[in-house]
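# Structural overview for review
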2 protein chains.
Amino acid sequence: MPDPDLAFAAHDHAHCAQDALARAEAVTAAAGARMTPVRRRVLEILLEEHKALGAYDVLARLAVEGFGNQPPVAYRALEFLVDQGLAHRIQRLNAFTACVHPGKDHAPAFLICRTCHMVAEAEASAARVSLDAEAAKAGFLVERSTIEALGLCPNCRGQA
Amino acid sequence: MPDPDLAFAAHDHAHCAQDALARAEAVTAAAGARMTPVRRRVLEILLEEHKALGAYDVLARLAVEGFGNQPPVAYRALEFLVDQGLAHRIQRLNAFTACVHPGKDHAPAFLICRTCHMVAEAEASAARVSLDAEAAKAGFLVERSTIEALGLCPNCRGQA
DNA sequence: CTTGACCTGTTATGATATTACATACATAGA
DNA sequence: TCTATGTATGTAATATCATAACAGGTCAAG
Ligand SMILES: [Zn+2]
Ligand SMILES: [Zn+2]
Ligand SMILES: [Zn+2]
Ligand SMILES: [Zn+2]
């Protein structure tokens, strides 16, 4: 994960999203999974901004575009994307964000700006090592872990 | 936080809960806050087991005991306890757990057993340091962070 | 004994998520 | 090609989690 700050830095986001989408297609193909229209569209919607969207926000977008407008339509597509590693669920927000570099095996930490609501992925392996070690002291085996930080992004810090 | 494994180890839980409750009284007194009957009862309920309870589970318990039976009754008491550091919210579970050593300033990690649903607190400062450092690389200022691990507790590992 | 802060209760509503079932589509044998 | 099978989508209904808004009660300071 070479760009922990990608989301916060000025960048060619159209290219950023296009690239993520292309990688996503590759990932699903390699996994023998189907990137259907709803799923692709949901991923595109999530990729529009480096923010997290609630399932119902996604659903509203889908509905006006002629897809189903009942919750399972959105939840199922989102679940698929999360399972394939193409999107992440942000627990604190009950919301979902596109993965900015699908294909790489990763379990990032999330940096959530409380002001502009941008969400970035950050390297979490060091933190996970500490956590796993601490858990091991208690005899606990960590299978998955959630690491999310709430605070101020560089842009919003400047304005405060 | 000397006992990361307290919840999983065999222990005199009646004493454990009584002690936490006594500390809680001290904490609120010191803070000039009021430990009212509803609040105390909610804390007692959370202290019955080292598990997390949803707000509506707590509410149901309160209702049969003659307290109000509308959601705000439970949510307000829980919010109070969390604000005072006497309980913690577990994001992954949308649920609350009593703090096992109130009074000590701490922001623990949580170890959640996916089988028996026990929840333990673990030392998280090392993980937090890593996270804060990684965030700093992106210019992000961490204000609060959530660290939760899902896995198998020592007891449930043994049975698997 | 009044005032103001805070606590509790209630109604109503909003937000998030899942179950169950029906229909449509893709693909792999027969 | 035809049909069987698994998978995906659509819909209705419901479950679960959370908050806004307001009314009335409690308590201690002044
Ligand atoms: Zn971008
Ligand atoms: Zn920001
Ligand atoms: Zn105990
Ligand atoms: Zn267990």
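Residue positions within a chain follow its written sequence, with the count starting from 1. Going through the entries in the order they are written, you letter the chains from A and number the ligands from 1. With the structure being a predicted model, the display of local features is reserved for residues of pLDDT at least 70 and the display and counting of side-chain atom pairs for 80 or more, all residues being used for whole-chain, interface and lining totals. Side-chain descriptors were evaluated using all non-hydrogen atoms of the structure, hydrogens and water having been removed beforehand.

### Some thoughts on the protein's contact with DNA strand D
Our working definition: By convention in this text, a residue qualifies as near a molecule or strand provided that one of its non-hydrogen atoms is within 4 Å of it. Here a polar contact is recorded for every N or O atom pair within 3.5 Å, except that within protein the pair must consist of a potential hydrogen donor and a potential acceptor, and residues adjacent in sequence are included only if both atoms are side-chain atoms.
In the region of DNA strand D, 16 residues are neighbours, and Thr36 and Arg76 of chain A together with Tyr56, Tyr75 and Arg89 of chain B sit closest. For DNA strand D, the fraction of protein-proximal atoms (within 4 Å) that sit in sugar or phosphate groups is 48%. Within the side chain of Arg39 of chain A, an N or O atom sits 3.4 Å from a sugar or linking oxygen of DNA strand D. Taking Tyr56 of chain B, its side chain carries an N or O atom lying 2.8 Å from a base nitrogen of DNA strand D.

### Thoughts on the side chain of Arg128 of chain A
Residue and element names in this part refer to chain A. For clarity, the threshold we go by: Each helix is a run of DSSP H or I of at least 4 residues and each strand a run of E of at least 2, with the numbering of both proceeding from the N terminus. The rule is simple: take the accessible area with a 1.4 Å probe, protein chains only, and divide by the maximum for that residue type; under 20% is buried, over 50% is exposed, in between is partly exposed. Think of it this way: Lys and Arg go in the positive column, Asp and Glu in the negative one, and His and the chain ends go nowhere. One side-chain nitrogen of Lys or Arg within 4 Å of one carboxyl oxygen of Asp or Glu is enough to make a salt bridge. Residue contacts are counted whenever heavy atoms from the two residues lie within 4.5 Å of one another.
Topologically, Arg128 is positioned in helix α5 (residues 125–137). One buried charged residue, Arg128, remains without a salt bridge, the closest side chain of opposite sign being Asp132 at 6.8 Å. Apart from the residues within four sequence positions on either side, Arg128 is in contact with Ala107, Pro108, Ala109, Ser145, Thr146 and Ile147.

### Looking at the relation of the copies chain B and chain A
Let me state the cut-off plainly: The atoms used to superpose the copies are C-alpha atoms, taken from residues with pLDDT of at least 70 in both, and the fit is least squares.
Superposing chain B onto chain A requires a rotation of 180° together with a translation of 0.1 Å along the rotation axis, leaving an RMSD of 0.1 Å. Such a turn and shift between the copies fits a two-fold axis. By residue overlap, the copies meet face to face through one surface: 100% of the interface positions of chain B are interface positions in chain A.

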